[in-house]
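Structure at a glance
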Amino acid sequence: MIEVAWLRSRLERLGSTVTSQVWRVGYASRFLFYLVMHSGTALKRFRLTVAEIYFAGVLSLVIILVSGLFVGMVLALQGYETLQRFGASESLGVLVALSLVRELGPVVAGLLFASRAGSAITAEIGLMKATEQISAMEMMAVDPIARVVAPRFWGGVISMPLLAALFSAAGVFGGYLVGVQLIGVDSGAFWSQMQAAVDLRNDIMNGVIKSVVFGIAVTWISVFEGYDAVPTAEGVSRATTRTVVTSSLAILALDFVLTALMFTGGN
Amino acid sequence: MQQTQIVEIQNVSFGYDPARPVLRDIDLAIPRGAVVGIMGQSGCGKTTLLRIIMGAYLPSRGTARVLGHTTGELDAEGLYAMRRKMGMLFQFGALFTDMSVYENVAFPLREHAELPDDVLNDLVMLKLQAVGLRGAAHLMPTELSGGMARRVALARSIALDPQLILYDEPFTGLDPISFGVIVRLIRDLNTSLGATSIIVTHDVQEALDVVDYVYFMAAGRVIAKGTPDQIRASPEPFVNQFVNGRPDGPVPFHYPAPDYAADLEVVPA
């Protein structure tokens, strides 16, 4: 009897957790719909969105460029190690560029964006809620979703693909520094093979699509967690943690789905 | 002159959980031009009542008529239109921390009126002058004392010349000078704007010097009402304990506990 009661309570707890998570996803979806429908202010008064592009995008530049540079340098070292075994070290440029443009650029830039900008967006909106700034706005007959949330959402969505592109560019430069300048791979082969092998539609566009999708996912999660945060110090801290964890998992899961959809089997 | 009611709360009950109502059968009427206090202990439901007046919550039963509108019948647009005629001072000001004092006061004007910069500047300076902080226009909220932040928030709440001003615990945490300034401002602004003011507070002694009329709440009900003098002389034991700050009375000093002697008994080894 005791085992049955124990099992039942466990199942009940599991059921209630699943139900509340499904409710939360539904609430987040309605929130996104409302947000998009009330984006008029953010787009009409575009300087509000530009300020958020500065906050989410420009202030993330240092971490994105430095990380991109190091990732590119490591790729060149590791790639050269493998390629030279097959006598294909001239293809180092292709390996670095394809790895970055198709995969590492959007994914790593997305993860960094979630940690740097996503967490800041959640904390800012959560603290605005905790200090009654959101309530004050509502009392002044100003819709906080249109005035506070929408500019941050569009600022993040616009910034993310640009950051991913800059990450890839810095990575390619890092690969060039290590591959050509340090190891001595032929500069002409490095660039010309890269130019010949990287396809605009299959490689670059697919990477851009990924970074746009990651940008929407991360910023959506960030603004929702901030707006939904319990308005206390602990609530904001939990919401910020949830933003980073959920965004990172969402990026990795979406990356698999998108890669599977884009997979052509080499054709 | 005909005296119209700016706020009429009729038989209002409200609860976050229907089984445990926070407000029960509240009736109150606030005439135009008055400064009215809603007083009572923390947790007695006075802030919830303020939120009913703001239209943030709708009554579970009864009706709330504010500025001629029944809040339950308004859609989001109507609610925002009503709030444009109201100003609210939050307990700790709720200033926007990413904006200067000037931008905080300009915020409602920028959002609701497309004014030329020079007109906007004049209006902001006028409001800051009214609270005595024109010289602090360039400061950020983090550079202000608690009393100054409250005054800036007051300037922001009157930016659109509201007909109804709501104050949520305006005296909490103020030094005597700041307190005196806020008391004077509440009175002066009410008169100069021709507005009506509602002060929700548990600082009874201080508030009784400011208001024209008082509603006294306990456990979600209005238990006494009247002019400040009537409240001071109220025979109601709870009001008497509260107004005079007595440590024991209907609100007991001791939290409910088992028999004292039993707790002191030595437990045998």
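Residue positions are given per chain, counting from 1 as you read along its sequence in written order. Chain letters start at A and ligand numbers start at 1, both assigned in the order the entries are written. Residues qualify for local features only when their pLDDT is at least 70, as the model is predicted, and side-chain atom pairs are given and counted only at 80 or more; totals for whole chains, interfaces and linings, by contrast, use all residues.

1. Section: the overall build of chain A
Where helices and strands are cited, they refer to DSSP runs of H or I of at least four residues and of E of at least two residues respectively, numbered from the N terminus. Across its full length, chain A holds 10 helices and zero strands. Seen in sequence order, chain A has helices and strands lined up from the N terminus as α-α-α-α-α-α-α-α-α-α. Here a residue counts as buried when 20 or more other C-beta atoms fall within 10 Å of its C-beta, as exposed when 12 or fewer do, and as partly exposed in between; the C-beta atoms come from the backbone. Counting only residues that meet the buried cut, chain A has 44% of its 267 residues in that class. What counts as a contact here is a pair of residues whose C-beta atoms, placed from the backbone, lie within 7 Å. A separation of at least 24 residues holds for 87% of the contacts in chain A among residues at least 6 apart in sequence.

2. Focus: the overall build of chain B
Regarding its fold elements, chain B presents 10 helices and 10 strands. Seen through its principal axes, chain B has C-alpha atoms that stretch 80 × 40 × 40 Å. Sorting the 269 residues of chain B into buried and exposed places 37% on the buried side. Intrachain contacts of chain B at a sequence separation of at least 6 include 63% that bridge at least 24 residues.

3. Notes on the sheet that holds strand β5 (residues 69–70) of chain B
All names here are of chain B. When DSSP finds at least two bridges between two strands, those strands are taken to pair. Read across the sheet, four strands follow the order β2-β1-β4-β5 without closing on themselves; strand pairing throughout is antiparallel. Every other strand in the sheet has two partners, leaving β2 (23–31) and β5 as the edge strands with one partner each. Both strand β4 (residues 61–66) and β5 contribute to a ladder of two bridges, which runs antiparallel. The partner of Val66 across the bridge, within β5, is His69. Contacts between helix α1 (residues 46–54) and the sheet are confined to β1 (5–14), β2 and β4, with β1 contributing the most and set at about 120° to the helix. A fitted line through C-alpha atoms represents every axis, and for helices the fit uses only the stretch in contact; the resulting angles, taken between N-to-C directions, go from 0 to 180 degrees.

4. As for helix α3 (residues 101–112) of chain B
Buried within α3 of chain B are the following residues: Val101, Asn104, Val105, Ala106, Phe107 and Pro108 of chain B. Where α3 of chain B is buried, its residues meet α4 (117–130) and α5 (146–157) of chain B.

5. Comments concerning the interface of chain B and chain A
The interface of chain B with chain A comprises 11 residues on the first partner and nine residues on the second. Sorting the residues of the side of chain B that touches chain A by element identifies α2 (76–83) and α3 of chain B as the ones contributing at least two each. If you tally residues by element for the side of chain B that touches chain A, the top one is α3 of chain B, at three residues. A per-class count over the side of chain B that touches chain A returns seven nonpolar, one polar and three charged. Amino acids are sorted into nonpolar (Ala, Val, Leu, Ile, Met, Phe, Trp, Tyr, Cys and Pro), charged (Asp, Glu, Lys and Arg) and polar (every other residue, Gly among them).

6. Quick look at helix α5 (residues 92–130) of chain A
All names here are of chain A. To get the bend at any residue, fit one axis to the seven residues that end at it and another to the seven that begin at it, then take the angle between the two axes. If you look at α5, its biggest bend is around 55°, right at Leu104, and the proline Pro106 turns up within four residues after that. Across the 39 residues that make up α5, a large majority, 30, are buried. Note on α5: the residue one or two positions beyond its end, Glu132, has a positive phi of about 65°.

7. As for the sheet that holds strand β9 (residues 213–218) of chain B
Residues and elements named next belong to chain B. Spatial strand order, β6-β7-β8-β3-β9-β10: six strands in an open sheet with mixed pairing. Lying at the two open borders of the sheet, with one neighbouring strand each, are β6 (86–89) and β10 (221–226). When strand polarity is set aside, the average angle formed by the axes of neighbouring strands in this sheet is 15°. Looking at chain direction, strand β3 (residues 35–40) and β9 are connected through five bridges and run parallel. Residue pairing across strands places Gly37 opposite Val214, the latter belonging to β9. Relative to the sheet, α5 contacts β6 and β7 (164–168), its axis offset from that of β6 by approximately 170°.

8. Remarks on the nonpolar core
One finds Ile53 and Leu166 of chain B to be the most contacted residues of the largest nonpolar core, which totals 140 residues. Ranked by residues supplied to this core, first place goes to α5 of chain A with 18 residues. Those residues in contact with Leu166 of chain B that lie beyond four places of it in its chain are Leu50, Ile53, Met54, Met86, Met88 and Ile198 of chain B. In this usage, the nonpolar core is the set of buried Ala, Val, Leu, Ile, Met, Phe, Trp, Tyr and Cys residues whose C-beta atoms join them within 7 Å.

9. Overview of the environment of Asp175 of chain B
All names here are of chain B. Following the sequence through the fold, Asp175 ends up in the loop between β7 and α6 (176–193). Judged by the 11 C-beta atoms lying within 10 Å of it, Asp175 falls in the exposed class. Counting along the chain gives 32 residues from Asp175 to Glu143, while the straight-line C-alpha distance between them is 17 Å.

10. Brief notes about the pairing of β1 of chain B
All names here are of chain B. In terms of strand pairing, β1 meets β2 through six bridges, oriented antiparallel. Within β2, the residue paired with Glu8 across the bridge is Ala29. Relative to β4, β1 runs antiparallel, the two sharing five bridges. In the sheet register, Ile9 faces β4, and the bridge partner there is Ala64.

11. Considerations on the confidence of the model for chain A
Overall, the prediction assigns chain A a mean pLDDT of 92, with 99% of residues at 70 or greater. Across chain A, the secondary-structure element scoring lowest on mean pLDDT is helix α2 (residues 40–44) of chain A, at 80, and the one scoring highest is helix α4 (residues 61–83) of chain A, at 95. Per residue, pLDDT captures the predictor's confidence, and it can take any value from 0 to 100.

12. Some details on unusual backbone geometry
Residue and element names in this part refer to chain B. The phi dihedral of Leu67 is positive, around 50°, even though this residue is not glycine. Residue position: Leu67 is located in the loop between β4 and β5. In this model, Ala94 sits at a positive phi of 55°, which is unusual for a non-glycine residue. As for its position among the elements, Ala94 is in the loop between β6 and α3.

13. Section: the packing of helix α9 (residues 200–227) of chain A against helix α10 (residues 233–262) of chain A
All names here are of chain A. Running from N to C, α9 and α10 cross one another at 155°; their axes reach a closest spacing of 9 Å. In terms of orientation, α9 lies roughly antiparallel with respect to α10. Seen from above, α9 lies across α10 with right-handed handedness. Residue-level inspection shows Asn206, Ile209, Lys210, Val213, Phe214, Ala217, Val218, Ile221, Ser222, Glu225 and Gly226 of α9 in contact with α10, the latter providing Ala239, Arg242, Thr243, Thr246, Ser247, Ala250, Ile251, Leu254, Asp255, Leu258 and Met262. Split into classes, the residues belonging to the contact of α9 with α10 amount to 12 nonpolar, six polar and four charged. An angle below 35 degrees is treated as roughly parallel, one above 145 as roughly antiparallel, one from 65 to 115 as roughly perpendicular, and anything else as oblique. Should the near helix be turned anticlockwise from the far one by less than a right angle, the crossing is termed left-handed; should it be turned clockwise, right-handed.

14. Some details on the packing of helix α3 (residues 46–56) of chain A against helix α7 (residues 144–183) of chain A
Residues and elements named next belong to chain A. Relative orientation of the contacting elements α3 and α7 amounts to 55°, with a least axis distance of 8 Å. Taken together, the axes of α3 and α7 are oblique relative to one another. α7 is crossed by α3, and the crossing has right-handed handedness. In this structure, α3 uses Leu48, Thr49, Glu52, Ile53, Phe55 and Ala56 to contact α7, whose residues at the interface are Pro151, Arg152, Trp154, Gly155, Gly156, Ile158 and Ser159.

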